[in-house]
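Residue strings, one per chain:
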Amino acid sequence: MLEIKDLYAKAGDRDILRGISLSVAAGEVHAIMGPNGSGKSTLVQVLAGNPAYEVTGGSASFNGKDLLSLPPEERAQAGVFLAFQYPVEIPGVSNAYFLRSAFNSIRQARGEDEVDPLDFLDYMEKKLELVDMDIEMLSRSVNMGFSGGEKKRNEILQMAVLEPKLALLDETDSGLDIDALRIVANGVNTLKRPDNATIVVTHYQRLLNYIVPDYVHVLAHGRMVKSGDKSLALELEAKGYDWLVEPQGALA
Amino acid sequence: MGGSIETLVNREYQYGFVTDIEAETIPRGLDEKTVRLISAKKNEPQWLLDWRLKAYNRWTTMLEPHWSNVSYAPIDYQNVIYFSAPKPKKQLGSLDEVDPKLREMYGKLGISLDEQKRMNNVAVDVVMDSVSVGTSFKAELSKLGIIFCSMGEAVREHPELVRKYLGSVVPHSDNFFAALNSAVFSDGSFVYVPKGVRCPMELSTYFRINAEGTGQFERTLIIADEGAYVSYLEGCTAPKRDTNQLHAAVVELVALKDATIKYSTVQNWFAGDENGEGGIFNFVTKRGKCAGENSKISWTQVETGSAITWKYPSVILLGDNSVGEFYSVAVVNNHQQADTGTKMTHIGRNTRSTIVSKGISAGEGNNSYRGQVKVMPKAAFARNYTQCDSMLIGNRCGAHTFPYIEVQNQSATVEHEASTSKIGEDQIFYLTQRGISKENAVSMIVAGFCKDVFKELPMEFALEAQQLLGITLEGSVG
Ligand SMILES: Nc1ncnc2c1ncn2[C@@H]1O[C@H](COP(=O)(O)OP(=O)(O)OP(=O)(O)O)[C@@H](O)[C@H]1O
Ligand SMILES: [Mg+2]
């Protein structure tokens, strides 16, 4: 489904990703872990098409398409979804309107009819239940004044609404209380299907008790330094990253 | 900030066509003879000619104001045509007699002069260059005693009302541009809503500058008698030309006891091209007087056009418990300059005013908000709330805020909030990551920013504002 080959990327003059390769098949869950600043967010942002990053080498294909040549909206329309580590606030734009616009934009791109506001509301009700969110959240401006946990839940709500083929979850567990963590994980698991795939970026093994990964990868200094199965996460929890991460001179 | 966002707001001006209509024009230039000629062409009574001459004489002693934050090459007032009327200028019996070319032009502007508007519940008056070319729904309105006609007709048919109220809010000597307008005003709209009548439809005037080198100096006067209500809409466009054209209008509103006037404008005069060539110089004096207690005047404006905008719709809160409101969206792009804002003068007790100003600057546009809140000694418990937000798109544009607050009564409350934000690449990326096109993403962000103002616009205009700004409005706006 997703084939990343020797990917290099930078922001400004700063090289961040230095040769990443990763292959994700339909139905799989991959976890990416690694120290702060190692490039995890950069990787998922680059896959989603954030123009703040410049790809300087390598390739990424998604279901046979050259992902990197598409503008972000076309990647989303093709089924790539990024749950942001830091969801963005949009003043004056209601969550309901935003969700419906996104939903209809993606439908349109697929040649499907737009859904009118009333039918959309019906559809939303089930989705809200899934993440245990109050309908009142729909009339508020996108992420404005949402608590940290509410923002994360709102990301999963969007994912539930858009039903992506490839979900990239960037530290969706950070800042969640235990109950919220279970709700979010449950949401992700409910949405899991044999024809879609998930990449979760996390610092905590805890999340992986709920969302069980098929593979765990460690990213350090912009490179994949180790891959394994879910037991690698437990090992990291016990040992930290030092044993994997080579000192990088003054930068380390 | 990428140039890409800027190109999204750089849409070509759609209304830049010229209609080939025979016009009767007088020679360029302005002196006492010009004033007399205009008055004679309009068969005006002596009192009005006298008033014009007084204004003209006053104007010759005044200097063009230069305190605003705009700069432009000097205007040669002797090189302007002060009167131009589409021919034939015979009295029109009904809208069916309007020149088909004119009808076609208004069709292009998306305005229909006929029954179609019944659906939208809007009565339309159209002013082209200097002359009103037709008012719709007159008969229906007159059953309720509502007068909605051109200023020229009002002078003929309702001289007592015109004489009583003309210049009662904006005196002929008020300022340089108002004095000029008083001397040479050509036409405009007149509205009178009698006691206790709620006007059942939106009244609307469409202003169009067509002839080249012509100034437009229309004068609008709206009176809501005791307990009356009226909502009035004004729209403006002009052809694309590479020379600047002058527009100096005056609008006066009078709200008597318990009356409400809602005045909405969508101004889309030609703004000049991307190099700053051409465009309308828009120097407008708009003022309302809440003359009676519990009266209310509300200005809502969406300003997208003009090379230069100099405009401060104001309210004089004379009656006790009266309310003044100003909701504004001003967009400048390329080399546009806007210096706009409002003045709220609290004179009566318990008077309240609300100011919400949203400025959007793109390209090399310069947007200034200038607001004055004045609380006079007798205005006990007066309250003002001002919110003034600026949004910048790109790095070459500017936003400036000049609040002036003067409080002479200790029991007054005046609040001012201001913010400046940049349209964020992170916001655009967030929306596009959800499958929304970049163009719609910018529209959504801008519409969200302007929401507090758009929700004040009548539905018909909200849709027009949407077209103008290329904005996808939220379903909730209306
Ligand atoms: N837009 C940017 N401009 C400049 N530097 C950036 C930018 N984005 C990321 N970086 C830098 O690149 C490095 C990797 O950042 P990234 O956010 O990908 O790390 P991360 O692995 O997600 O870290 P964390 O675990 O703290 O979320 C960091 O040093 C960061 O400061
Ligand atoms: Mg991160």
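Residues numbered from 1 in each chain as written. Chains lettered and ligands numbered in written order. Predicted model: local features only at pLDDT ≥ 70, side-chain atom pairs only at ≥ 80, totals over all residues. Heavy atoms only, no water.

### Structural notes on the coordination of the magnesium ion (ligand 2)
Part 1 of the argument: Every protein donor of the magnesium ion (ligand 2) is accounted for by S41(A) (OG) and Q85(A) (OE1), and the metal-donor separations fall at 2.0 to 2.2 Å. Separated by 44 residues along the polypeptide, S41(A) in helix α1 (residues 40–48) and Q85(A) in the loop between β6 (80–83) and β7 (90–94) bring together distant segments of the chain. (Donors = N, O, S within 2.8 Å, 3.2 Å for Na, K, Ca; no water. Helix = DSSP H or I, 4+ residues; strand = E, 2+ residues; numbered from the N terminus.)

### Digging into the domain arrangement of chain B
Residue and element names in this part refer to chain B.
Part 1 of the argument: Entries for chain B in the domain assignment read domain 1 (18–421) and domain 2 (423–478).
Part 2 of the argument: Listed by partner, the interface residues are 32 residues for domain 1 and 17 residues for domain 2.
Part 3 of the argument: Across the interface of domain 1 and domain 2, roughly 2000 Å² is buried in total on both sides, 76% from carbon and sulfur atoms.
Part 4 of the argument: Three residues, V266, K358 and M391, lead the burial of domain 1 against domain 2; their summed loss comes to 25% of the area buried on that side. (Domains from an automatic or database assignment. Contact = heavy atoms within 4.5 Å. Buried area = accessible area lost by both parts, 1.4 Å probe.)

### Describing the nonpolar core
Part 1 of the argument: Counting residues in hydrophobic clusters, the biggest one holds 103 residues, and the most contacted among them are I4(A), F98(A) and I360(B).
Part 2 of the argument: A total of nine residues in this core trace back to one element, the largest contributor, which is helix α11 (residues 438–454) of chain B.
Part 3 of the argument: Here this core spans two domains, since at least three of its residues come from each of domain 1 (18–421) and domain 2 (423–478) of chain B.
Part 4 of the argument: Judged by nonpolar contacts, the second largest core, of 33 residues, contains I26(B), M62(B), A85(B) and A248(B). (Core = buried A, V, L, I, M, F, W, Y, C linked by side-chain atoms within 4.5 Å. Buried < 20%, exposed > 50% of the residue type's maximum accessible area, 1.4 Å probe, protein only.)

### So, the sheet that holds strand β3 (residues 29–33) of chain A
All names here are of chain A.
Part 1 of the argument: Sheet architecture is open: six strands sit in the order β6-β9-β10-β3-β11-β12, paired in mixed fashion. The strands lining the two open edges of the sheet, one partner per strand, are β6 and β12 (223–228). Neighbour-to-neighbour, the strand axes of this sheet turn through a mean angle of 20°, independent of strand direction.
Part 2 of the argument: Of the strands in this sheet, β6 and β9 (166–170) are in contact with helix α5 (residues 148–162), which crosses β6 at around 165°. (Pairing = 2+ DSSP bridges. Axes fitted to C-alpha atoms, helices over the stretch in contact; angles between N-to-C directions.)

### A short note on the environment of Q433(B)
Part 1 of the argument: Along the chain, Q433(B) falls in the loop between α10 (425–432) and α11.
Part 2 of the argument: With residues up to four places along the chain from it excluded, the contact list for Q433(B) reads A48(A), A76(A), V80(A), F81(A), L82(A) and F84(A).

### Examining the side chain of H346(B)
All names here are of chain B.
Part 1 of the argument: Residue position: H346 is located in strand β18 (residues 337–346).
Part 2 of the argument: Of the polar contacts made by the side chain of H346, one reaches the side chain of T351; its length is 2.9 Å.
Part 3 of the argument: A distance of 2.8 Å separates the side chain of H346 from the side chain of S353, its partner in a polar contact.
Part 4 of the argument: Setting aside chain neighbours within four positions, we find H346 in contact with L317, T351, R352, S353, V373, K374, V375, M376, A379, A382, R383 and N384. (Polar contact = N/O pair within 3.5 Å; in protein donor to acceptor, adjacent residues only side chain to side chain.)

### Focus on the interface of chain B and chain A
Part 1 of the argument: Contacts between the two partners involve 21 residues from chain B and, on the opposite side, 33 residues from chain A.
Part 2 of the argument: Of the roughly 2100 Å² buried between chain B and chain A on both sides combined, carbon and sulfur atoms contribute 63%.
Part 3 of the argument: Among the residues of chain B in contact with chain A, F429(B), Y430(B) and R434(B) are the three that bury the most area, contributing 38% of the side total.
Part 4 of the argument: Where chain B meets chain A, there are one salt bridge.
Part 5 of the argument: The salt bridge partner of R434(B) is E155(A), with a shortest N-O separation of 2.6 Å.
Part 6 of the argument: Summed over the shared surface of chain B and chain A, the result is 11 residue pairs in polar contact (both at pLDDT 80 or more).
Part 7 of the argument: Put simply, the parts of the chain that give the side of chain B that touches chain A at least two residues each are α10 and α11 of chain B.
Part 8 of the argument: Counted by class, the side of chain B that touches chain A contains eight nonpolar, eight polar and five charged residues. (Salt bridge = Lys/Arg side-chain N within 4 Å of Asp/Glu carboxyl O. Nonpolar A, V, L, I, M, F, W, Y, C, P; charged D, E, K, R; others polar.)

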